[in-house]
Protein chains: 2
Amino acid sequence: MADFGLTRRLANAKGGKILLLVMDGLGGLPREQGGLTELETAHTPNLDRLAQEGCVGLSIPVARGVAPGSGPAHLGLFGYDPLVYDIGRGVLEAMGVGLLLNPTDVAVRGNFVTVDADGKITDRRAGRIPTEKGAELVEKLKAITLPGVKIDVTVVKEYRFALVFRGEGLSGEVADTDPQATGVEPLPARPLKPEAQHMADLANQWIAQAKEILKNDAPANMLTLRGFSVDPNLPKFADVYKLKSACVAVYPMYKGVSKLVGMDLIETDAHDTPADEFRRVANIWQDYDFVFCHIKYTDSRGEDGNFDAKVKIIEDVDTALPILLDLKPDVLIVTGDHSTPATFKAHSWHPVPTLLWAPGVHMTDRATAFGERECMTGALGQFPATDLIMYALAHARRLEKYGA
Amino acid sequence: MADFGLTRRLANAKGGKILLLVMDGLGGLPREQGGLTELETAHTPNLDRLAQEGCVGLSIPVARGVAPGSGPAHLGLFGYDPLVYDIGRGVLEAMGVGLLLNPTDVAVRGNFVTVDADGKITDRRAGRIPTEKGAELVEKLKAITLPGVKIDVTVVKEYRFALVFRGEGLSGEVADTDPQATGVEPLPARPLKPEAQHMADLANQWIAQAKEILKNDAPANMLTLRGFSVDPNLPKFADVYKLKSACVAVYPMYKGVSKLVGMDLIETDAHDTPADEFRRVANIWQDYDFVFCHIKYTDSRGEDGNFDAKVKIIEDVDTALPILLDLKPDVLIVTGDHSTPATFKAHSWHPVPTLLWAPGVHMTDRATAFGERECMTGALGQFPATDLIMYALAHARRLEKYGA
């Protein structure tokens, strides 16, 4: 499947409209032995009705037992095997802060570090300076210019920043300058292939200027660069699925991944509620075959360890759901990219509750509500997330028969 | 997964302790239509409680429909794809009788055969002589010595024996001497690669001496050699999973497979009961991250076709289980390597009941007991046995997140 040979062969450009609603980190765990999960706790009459009419199952994001990051997890939902399409750290970091990449751009992840009087690293994370401090230093770094390239730099979090070189003749084949150790100097940027010499030279010039700018900013008085990488040039939805597709998401990371697979990015506002996002979906619905709508805060509240707040977000989504249902999608899928149990305060490996509703087309199982336990015995079974798109296309009657 | 790239990348050396309890041939079938299996029949209050608190599923040992031998089935449980890691017959046979292998040793499987006055084979299994007779002949073969090598030979069963050459410069690249036909002489040992000439010469010298020794022992008056093979040099648990691991097993085969993957072998007694084995686990528990404990007699009684006796073994295990529970493992997995339904009197392909208990970390399903039917709708679903180790590592919090 990983090369899309099957979808290229079977997908046709006509068929129903597909709506993929992803509640980030949807899957959860009970707070106490035998209790209910976040999704099971939430009062969700709309989702429950869809589960009752449609069918449910559990999706395995990357591999059994593996907790994925958001990038790989979304690639999986989009049908791109995250073990095959391994996106560089620089690209992920840049996407995460909304630095979109053109094909010739090189993205890099940066760390502020502390060096001593000899230039040797004493703290690889610069004492975990607060994000405000990181942002302030990044502002200073914006003064750096180099001939022939445009440079974007944006704070990510604390001591981390994203850096993008835009220009011609660049390359991602440059080794990390982070020596992964203290007591030694940062490494110079070195080309991993001959054609990356120019990129390495530019990086070293940029580092030299940055070093001068930061010299009095201890503990963040130096930096290291990691994960030089370029747009992985993923196959695009239009090519491999024959789908005209759009993304409605608030967070940059999800916009970034969507752009990598060829989705149009619909403008959103950082303060959009689920209902706001759903209205944006409605606004563009007639123009697309496939719309991906991303709800971030289920994951955020899970990461916070706030079980009740995660329940509340799920309920907000359920309440706003009629906005999407009024669009009468031919296929509606509700799932998560991974689980983020509030009890974990982190992404986990647990398979993700998934609901598929396609009136007249889906199988019917015995699920009476949308929740982890109901999904364990649903018609979709447990399946690799990368297969979800096949179900979406099939239920939209967009896949030809295989063979005679 | 087969190359352990993912576990090498994600596994970290810290985390919870894992206990893998394997009841050999655990899975079974009802004696009559609609009846209960061996496991369902057994009174197992401890296992049932663990199933209720934890989660269950069915493991597929090698591939759907394939009944595995014990070697491949255990490799699968340990996360080594048995279709990739195909261990030589000689090695399996040697392991099965407790002949442990050093990296430079060559193991061979031998058959006593009957030859006529012209030296042509008339019976490739020497009339299936009883094991006692085989043992007696093997004793005579121990007299054979060759310069520069140490030779171990041990009866396996009836006409079969295991032979190990220990020394330097040996090779497993030697063709079988078994012509796979009667009416022809045994073949000489021939090197498959030039560097195996020395090994072939040694084998031929050994055969010549054996022929002389056996000449008056018809029907076992000659022998053939098959499956010359060396330790397959499997990746080790410490490398691929970062686990310090130990094996508590009574039967040689299981010790052998465990040694191949790098486990320490804990001394046991041939007459150990499940409770005895569990106490041995307790004795070494503090020294290891991962302990594999193997119970043989569920399989043996299944092979005997003795349904009630298999039930009894399962109940004995359940009764002794508190010895393991007192260790408070972070992850406890109870499973089989394959099914051995008493109605089959043989290994079968049926997926194997599996229980995973990791308080606070596992999903909760609706299972109320440990049995085949309960496992069919459990949270673990049906999964390849090779994924079990991923679940074990994940629930022990030993796997890093995949990607950002």
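Residues numbered from 1 in each chain as written. Chains lettered and ligands numbered in written order. Predicted model: local features only at pLDDT ≥ 70, side-chain atom pairs only at ≥ 80, totals over all residues. Heavy atoms only, no water.

**Here's the deal with the packing of helix 10 (residues 274-284) of chain A against helix 12 (residues 307-320) of chain A**
Residues and elements named next belong to chain A. Where we set the bar: Only C-alpha atoms enter the line fits that serve as axes; for helices the fit covers just the stretch in contact. Angles between N-to-C directions range over 0 to 180 degrees. Helix and strand definitions follow DSSP, with helices as H or I runs of at least four residues and strands as E runs of at least two, each counted in order from the N terminus. Put simply, a crossing is left-handed when the front helix is turned counterclockwise from the back one by less than a right angle, and right-handed when it is turned clockwise. Note on definitions: a residue-residue contact is assigned when non-hydrogen atoms from the two residues lie within 4.5 Å.
Packing of helix 10 against helix 12 leaves a shortest axis separation of 9 Å and a crossing angle of 40°. Every pair of crossing elements has a handedness; the one defined by helix 10 and helix 12 is right-handed. Residue-level contacts link Pro274, Ala275 and Phe278 of helix 10 to Asp316, Val317 and Ala320 of helix 12.

**Describing the nonpolar core**
Rules: Take the buried Ala, Val, Leu, Ile, Met, Phe, Trp, Tyr and Cys residues and link them wherever side-chain atoms come within 4.5 Å; each set so joined is a nonpolar core. Burial status follows relative accessibility: with a 1.4 Å probe on protein chains alone, a residue under 20% of its type maximum counts as buried, one over 50% as exposed, and anything between as partly exposed.
Counting 105 residues, the largest nonpolar core has Phe370 of chain A together with Phe78, Tyr80 and Phe237 of chain B as the members making the most contacts within it. For Phe370 of chain A, the residues in contact, after removing those within four places along its chain, are Leu26, Leu39, Leu47, Asp48, Ala51, Val56, Val334, Pro353, Thr354, Leu355 and Cys375 of chain A. Counting 48 residues, the second-largest nonpolar core is a separate cluster that includes Leu20, Val91, Val261 and Ile389 of chain A.

**What to know about the sheet that holds strand 13 (residues 381-384) of chain B**
Strand pairing in a sheet relies on backbone hydrogen bonds, with the paired strands running either antiparallel or parallel. All names here are of chain B. Heads up, the rule is: By definition, two strands form a pair when at least two bridges between them are found by DSSP.
Reading across from one edge, 9-8-10-1-11-12-2-13 is the order of the 8 strands in this open sheet, with mixed pairing throughout. At either margin of the open sheet sits one strand with a lone partner, and together these are strand 9 (264-265) and strand 13. Bridge count between strand 8 (residues 245-248) and strand 9: 2 bridges; the pairing is parallel. Note that in strand 9 the partner of Ala246 across the bridge is Asp264.

**As for the interface of chain B and chain A**
Heads up, the rule is: As used here, buried area is the combined drop in accessible area, with a 1.4 Å probe, of two parts when they are placed together. Only one rule defines a salt bridge in this text: a Lys or Arg side-chain nitrogen within 4 Å of an Asp or Glu carboxyl oxygen. By the criterion applied in these results, polar contacts are pairs of N or O atoms within 3.5 Å in which, for protein atoms, one can donate a hydrogen and the other can accept it, and in which residues neighboring in sequence qualify only through two side-chain atoms.
With 33 residues of chain B at the contact, the number on the chain A side is 31 residues. Summing both partners gives a buried area of about 2,600 Å² for chain B against chain A, and 59% of it is carried by carbon and sulfur. Per-residue buried area on chain B facing chain A is highest for Met363, Tyr402 and Ala404 of chain B; these three make up 29% of the total on that side. At the boundary of chain B with chain A, the tally comes to 3 salt bridges. In this structure, Asp86 of chain A engages Arg9 of chain B in a salt bridge whose closest nitrogen and oxygen atoms are separated by 3.1 Å. One can count 10 residue pairs in polar contact (both at pLDDT 80 or more) joining chain B with chain A. Looking at the side of chain B that touches chain A, the elements with two or more residues in it are helix 1 (5-10), helix 3 (45-53), strand 13 and helix 15 (388-395) of chain B.

**Considerations on the confidence of the model for chain A**
We apply this condition: Scored from 0 to 100, pLDDT records how confident the predictor is in each individual residue.
Per-residue pLDDT for chain A averages 95, and the proportion of residues at 70 or more is 100%. What the predictor reports for the complex is a pTM of 0.90 with an ipTM of 0.88.

**Observations concerning the relation of the copies chain B and chain A**
Think of it as a corkscrew move, a rotation about one axis and a shift along it, taking one chain copy to the other. This is how it is decided: Superposing copies: least-squares fit, C-alpha atoms only, residues required to have pLDDT of at least 70 in both.
By a simple turn and slide, chain B fits onto chain A: the slide is 0.2 Å along the axis, the RMSD is 0.2 Å, and the turn is 124°. Such a combination of rotation and displacement between the chain copies is what one expects of a three-fold axis. Measuring from the rotation axis to each C-alpha of chain B, the shortest distance belongs to Thr377 of chain B, at 3.3 Å. Looking at chain B, a mere 6% of its interface residues are interface residues in chain A too, so the copies touch through different faces.

**Some points on unusual backbone geometry**
Residues and elements named next belong to chain A. Residue Ala218 is joined to Pro219 through a cis peptide bond whose omega torsion reads 10°. Phi angles above zero are rare outside glycine, and Gln180 is one such case at about 60°. Its place among the elements puts Gln180 in the loop between strand 6 (160-166) and helix 7 (197-214). Relative accessible area serves as the criterion here: at 47%, Gln180 is assigned to the partly exposed category. Located in the positive-phi region is Asn233, a residue other than glycine, with phi close to 55°. Its place among the elements puts Asn233 in the loop between strand 7 (222-230) and helix 8 (237-240).

**Description of the sheet that holds strand 8 (residues 245-248) of chain A**
All names here are of chain A. Strand order in this open sheet of 8 strands is 9-8-10-1-11-12-2-13, and the pairing throughout is mixed. One side of each edge strand has no neighbouring strand; the edge strands of this open sheet are strand 9 (264-265) and strand 13 (381-384). Relative to strand 12 (residues 352-357), strand 11 (residues 331-335) runs antiparallel, the two sharing 3 bridges. By the bridge assignment, Val334 is partnered in strand 12 with Leu355.

**Some remarks on helix 5 (residues 89-96) of chain B**
Residue and element names in this part refer to chain B. All buried positions along helix 5 are accounted for by Gly90, Val91, Glu93, Ala94 and Met95. Buried positions along helix 5 lie against strand 3 (106-115), strand 5 (150-157), strand 6 (160-166), strand 7 (222-230) and helix 9 (252-260). Note on helix 5: the residue one or two positions beyond its end, Gly98, has a positive phi of about 85°.

**Let's talk about the pattern of salt bridges**
Residues and elements named next belong to chain A. Scanning all chains against the criterion turns up 47 salt bridges over all chains. In this structure, the salt-bridge partner of Glu136 is Lys133, at a minimum N-O distance of 3.2 Å. Of the two residues, Glu136 and Lys133 both sit in helix 6 (residues 131-141), 3 residues apart, roughly one turn of that helix. By relative accessible area, Glu136 is classed as partly exposed at 45%. Lys133 sits in the partly exposed class, given a relative accessible area of 26%. Bridged by salt links that share partners, the residues Asp105, Lys150, Asp152 and Arg166 form one connected network.

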